[in-house]
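Residue strings, one per chain:
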Amino acid sequence: DMAVISHEHEDHADIASLPSQPLLIRTSCLAQGVDFDVYKTFHDNSQGKERGENRVTCFLMDEIRVCHMGDVGHVLSDSLVEEIGAVDVLLLPVGGTFTIGPAEADANIALLKPRIVIPMHYHTEKCGFPILPLDAFLEGKRNIRRSPGSEVALHREDLPEECTYLCLPPAN
């Protein structure tokens, strides 16, 4: 029904390949009863001079605040963390090179304090980019859950008290 576009690079905004014509979310809006808050960030650590801008998108659904970091390339500022507010589920890149790597991901997790972290943008069999694999990010972490499928249902009453890393396999 809806697709969030974090930035306009062709590998992240290939709208033509979507199976339907979803409503595209690029700015803060109310869409189909869901409030989307979109925050301007950068795809690199030099104010967008290398790879341009990125959008962080947060929304509340079924009493769960989800924050999708897109291809963020830097640690968030304190003022942006305050503006974003409480986060229950955080999706963030962890592979480095073109986005943040494990250390910056950990810094953003410490700032946002989510209950669930879903790592994304890491090396897989389907991704030939020179980025780190998921295990480089997970090294030394506890509370790791690996989902058998690329979709997951979450319920507010089941959210963990302590930050949990939920790893989803890439979709087919």
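Refer to the structure printed above.
Residues numbered from 1 in each chain as written. Predicted model: local features only at pLDDT ≥ 70, side-chain atom pairs only at ≥ 80, totals over all residues. Heavy atoms only, no water.

(A) Looking closely at the overall build of the protein chain. The secondary structure content of the protein chain amounts to 3 helices and 10 strands. Going from the N terminus to the C terminus, the protein chain shows its helices and strands as β-β-β-β-β-β-α-β-α-β-α-β-β. Taking 2.2 N^0.38 as the reference for a compact globule, 172 residues should give roughly 16 Å; the C-alpha atoms of the protein chain span a radius of gyration of 15 Å, in line with that estimate. Seen through its C-alpha atoms, the protein chain measures out along the principal axes to roughly 40 × 40 × 40 Å. Looking at the protein chain as a whole, 46% of its 172 residues are labelled buried. Across the protein chain, every contact between residues at least 6 apart in sequence was considered, and the portion connecting residues at least 24 apart equals 52%. Split by element, the accessible area of the protein chain, about 9,600 Å² in all, is 51% carbon and sulfur. Charged side chains in the protein chain number 14 positive and 27 negative. The centres of these two groups are separated by 3 Å. (Helix = DSSP H or I, 4+ residues; strand = E, 2+ residues; numbered from the N terminus. Rg over C-alpha atoms; globule rule 2.2 N^0.38 Å. Buried < 20%, exposed > 50% of the residue type's maximum accessible area, 1.4 Å probe, protein only. Contact = heavy atoms within 4.5 Å. Areas by Shrake-Rupley, 256 points an atom, 1.4 Å probe, with all protein chains shown as cover. Lys, Arg positive; Asp, Glu negative; His and termini not counted. Charge placed at Lys NZ, Arg CZ, Asp CG, Glu CD.)

(B) How the structure looks around unusual backbone geometry. A positive phi angle, near 50°, is found at glutamine 32, a position not held by glycine. Within the secondary structure, glutamine 32 is located in the loop between strand E3 (29-31) and strand E4 (34-42). According to the relative accessible area criterion, glutamine 32 is exposed, its value standing at 53%. Even without a glycine there, the phi angle at glutamate 63 is positive, about 65°. In this structure, glutamate 63 sits in the loop between strand E5 (53-61) and strand E6 (64-68).

(C) How the structure looks around the packing of aromatic side chains. Per the counting criterion, the structure on display carries 3 aromatic pairs. Above the face of the phenylalanine 137 ring, lysine 141 is positioned so that its terminal group lies 4.2 Å from the ring centre. (Phe/Tyr/Trp six-rings, centres within 6.5 Å; stacked < 30°, edge-to-face > 60°. Lys NZ or Arg CZ within 6 Å of the ring centre and 35° of its normal.)

(D) Broad picture of the sheet that holds strand E9 (residues 144-146). What the 8 strands build is an open sheet, ordered E3-E4-E5-E6-E7-E8-E10-E9; its pairing is mixed. Each edge of the sheet is formed by a strand with only one pairing partner; in this case those strands are E3 and E9. Across the sheet, the mean angle from the axis of one strand to that of its neighbour is 25°, orientation sign disregarded. In this structure, strand E8 (residues 116-120) lies alongside strand E10 (residues 164-167), joined through 2 bridges in parallel fashion. Bridge assignment links valine 117 to a residue of E10, and that residue is tyrosine 165. (Pairing = 2+ DSSP bridges. Axes fitted to C-alpha atoms, helices over the stretch in contact; angles between N-to-C directions.)

(E) View of the side chain of serine 147. The topology assignment puts serine 147 in the loop between E9 and E10. We classify serine 147 as buried; its relative accessible area is 16%. Among the polar contacts listed, one links the side chain of serine 147 to the backbone oxygen of glycine 149, at a separation of 2.9 Å. Non-local contacts of serine 147, meaning those with residues more than four positions away in its chain, are made with Leu166, Cys167, Leu168 and Pro169. (Polar contact = N/O pair within 3.5 Å; in protein donor to acceptor, adjacent residues only side chain to side chain.)

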